[in-house]
Amino acid sequence: MQSYNLNHLRELEAESIFIIREVAAQFERPVLLFSGGKDSIVMSHLAVKAFRPAKLPFPLLHIDTGHNFPETIEFRDGLVEKIGARLVVGSVQESIDSGRATEETGPNASRNIIQTVTLLDTMEKYSFDAALGGGRRDEEKARAKERFFSHRDSFGQWDPKNQRPELWNLFNGRKIQGEHFRVFPLSNWTEMDVWQYILLEQIEIPSLYFAHQRECVNRKGVWLAKSDYIQLLDGEKWETKQIRFRTIGDMSCTGATISDATTIEDIIKEVAAARSTERGTRADDKRSETAMEDRKKEGYF
């Protein structure tokens, strides 16, 4: 790896570790949001680096939609055991069963949107006052508005016009009872930075990120993997394709990309040539022009 890239990655690493340590210092009950995707995996890797040889001073929180890829859950459990972390799981199914959330119906139904209810309920249940997330500003235009320390009101809502200035790496985590913060240590990273860092640090990632054969259906330009949660529409059919996933989420809305990339080096070359963002394969982001921002205002990640 070129020395320029190495220096750049080490600068990003140092910045992220500094922010993670700031969260541990400023907040009483922080938590690290863990989805099983590459960004949250890198986050957990950085957190381990930040506090080793001590154990993580906060747990990992996974919001389980019940419609996750089996590979994601298997990887999550293995990683938690490997790093000796405590795992807290918020169940979307429990939110539905208790009447706290209403499940969508129809062929394009997804549980991704109602994760917000489960997240906010879990934050309140455990009195978490800061949640470390793997969001990056290059992912989507709504996330480009985020500060490192993103203030949320007592309803868990985000107001992009009412955020605090962040000058000279000074972060204001003051809040009143009931409020909390979402903190994004990877804000200045790009998708390419993440993959190059994974290569540099030899970080293990789920097999879903590598090219493999899978039955899919093409729905409005998005390749959705075959599962019990997707119903074929008139004229649709399952097709076997060689695909991989650039982002991992709920199976009902996480699209794949046609790919031959079987190594990290292959993925880096593919990302360098890509002309769409990784969230361009997420069906839930295509529901409206402001889909992500609307969900974030309601308390989404």
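The rules behind these values
Residues numbered from 1 in each chain as written. Predicted model: local features only at pLDDT ≥ 70, side-chain atom pairs only at ≥ 80, totals over all residues. Heavy atoms only, no water. 1 Å grid on protein atoms, 1.4 Å probe; cavity = no way out; pocket = protein on both sides within 12 Å on 5 of 7 lines; lining within 4 Å. Points joined across faces, edges and corners; volume = space filled by probe spheres on them. Helix = DSSP H or I, 4+ residues; strand = E, 2+ residues; numbered from the N terminus. Nonpolar A, V, L, I, M, F, W, Y, C, P; charged D, E, K, R; others polar. Buried < 20%, exposed > 50% of the residue type's maximum accessible area, 1.4 Å probe, protein only. Pairing = 2+ DSSP bridges. pLDDT = per-residue confidence, 0-100. Contact = heavy atoms within 4.5 Å. Salt bridge = Lys/Arg side-chain N within 4 Å of Asp/Glu carboxyl O. Axes fitted to C-alpha atoms, helices over the stretch in contact; angles between N-to-C directions. Core = buried A, V, L, I, M, F, W, Y, C linked by side-chain atoms within 4.5 Å. Domains from an automatic or database assignment. Expected span 1.5 Å × (residues − 1). Arc of directions from axis to C-beta. Patch = residues over 30% accessible without salt bridge, like charges linked within 9 Å, V, L, I, M, F, W, Y side chains within 5 Å. Areas by Shrake-Rupley, 256 points an atom, 1.4 Å probe, with all protein chains shown as cover.

Chemist: Where do I start with the layout of surface pockets in this structure?
Modeler: To find leftover empty space, a probe the size of one water molecule is rolled over the atoms. The space that makes up the second largest pocket amounts to roughly 360 Å³. Every residue lining the second largest pocket is counted, 17 residues in all, and those nearest its centre are Ile-41, Phe-75, Leu-79, Lys-82 and Glu-204. Among the secondary structure elements, those contributing two or more residues to the lining of the second largest pocket are helix 2 (38-51) and helix 3 (70-83). For the lining of the second largest pocket, the element with the highest residue contribution is helix 3, accounting for seven residues. Split into classes, the residues belonging to the lining of the second largest pocket amount to seven nonpolar, five polar and five charged.

Chemist: What should I look at first to understand the pairing of strand 6 (residues 180-183) in this one?
Modeler: Because side chains alternate across strand 6, one face comprises the buried residues His-180 and Arg-182, and the other comprises Phe-181 and Val-183, equally buried. Here four bridges tie strand 5 (residues 149-152) to strand 6, and the two strands are oriented antiparallel to one another. Counterpart to Phe-149 in the pairing with strand 6 is Val-183.

Chemist: Whenever I open this one, the confidence of the model for the chain confuses me. Can you help?
Modeler: In regions of low pLDDT, the predicted coordinates are not meant to be interpreted in detail. Per-residue pLDDT for the chain has a mean of 86; in total, 88% of the residues score no lower than 70. Of the regions scoring below 50 in pLDDT, residues 283-288 engages in 18 contacts with residues more than four places distant in sequence or in other chains.

Chemist: So what exactly am I meant to see when it comes to the pattern of salt bridges here?
Modeler: As enumerated under the stated definition, the model contains 15 salt bridges in all. For Arg-10, the salt bridge identified is with Glu-201, shortest N-O distance 2.9 Å. Note that Arg-10 is positioned in helix 1 (residues 3-26) and Glu-201 in helix 6 (residues 191-201), a separation of 191 residues in sequence. Among the residues examined, Glu-201 registers a relative accessible area of 18% and is labelled buried.

Chemist: Help me understand the sheet that holds strand 1 (residues 30-33), please; the structure alone is not making it clear to me.
Modeler: Where strands meet in a sheet, backbone hydrogen bonds hold them as pairs that are either parallel or antiparallel. Judged by pairing direction, the sheet is mixed, and its six strands sit side by side in the order 3-2-1-4-6-5 without closing on themselves. In this open sheet, the two edge strands, each paired with only one partner strand, are strand 3 (87-91) and strand 5. For this sheet the average axis-to-axis angle between neighbouring strands, irrespective of direction, equals 30°. Note: strand 2 (residues 60-64) against strand 3, five bridges, orientation parallel.

Chemist: Teacher, can you tell me more about the nonpolar core here?
Modeler: Ranked by size, the top nonpolar core spans 55 residues in total, and within it Val-42, Phe-149 and Trp-195 carry the most contacts. Mapped onto this core, the elements with two or more residues apiece are helix 1, helix 2, helix 3, strand 4 (130-132), strand 6, helix 6, strand 8 (222-225) and helix 7 (264-273). By residue number, the principal contributor to this core is helix 2, which donates seven residues. Shared between two domains, this core holds at least three residues of each, these being domain 1 (8-194 + 290-297) and domain 2 (206-285). Ignoring anything within four residues of it in the chain, the contact list for Trp-195 reads Lys-38, Ile-205, Tyr-209, Arg-244, Ile-264, Ile-267, Ile-268 and Val-271. Grouped together as the second largest cluster of nonpolar side chains are 13 residues, Leu-61, Val-88, Ala-101 and Met-123 included.

Chemist: Just checking my understanding: could you explain helix 3 for this structure?
Modeler: Since there are 3.6 residues in each turn of an α-helix, residues three or four apart along the chain are aligned in direction. For helix 3, built from 14 residues, the straight-helix expectation of 20 Å at 1.5 Å per residue is met to within 8% by its first-to-last C-alpha distance of 20 Å. Looking only at helix 3, the buried set comprises Thr-72, Phe-75, Arg-76, Leu-79 and Val-80. For helix 3, the angular spread of the buried residues around the axis is 130°, confining them to a single face. Within helix 3, the exposed residues directed more than 90 degrees away from the buried face are Pro-70, Glu-74, Glu-81 and Lys-82. On the buried face of helix 3, the contacting elements are helix 2, strand 2 and strand 3. Positive phi appears at Gly-84, one or two residues downstream of helix 3, with a value of about 70°.

Chemist: What am I meant to see in a nonpolar patch on the surface here?
Modeler: A cluster of nonpolar side chains, contributed by Leu-167, Trp-168 and Leu-170, occupies part of the molecular surface with about 420 Å² of accessible area. By secondary structure assignment, the location of Leu-167 is in the loop between strand 5 and strand 6.

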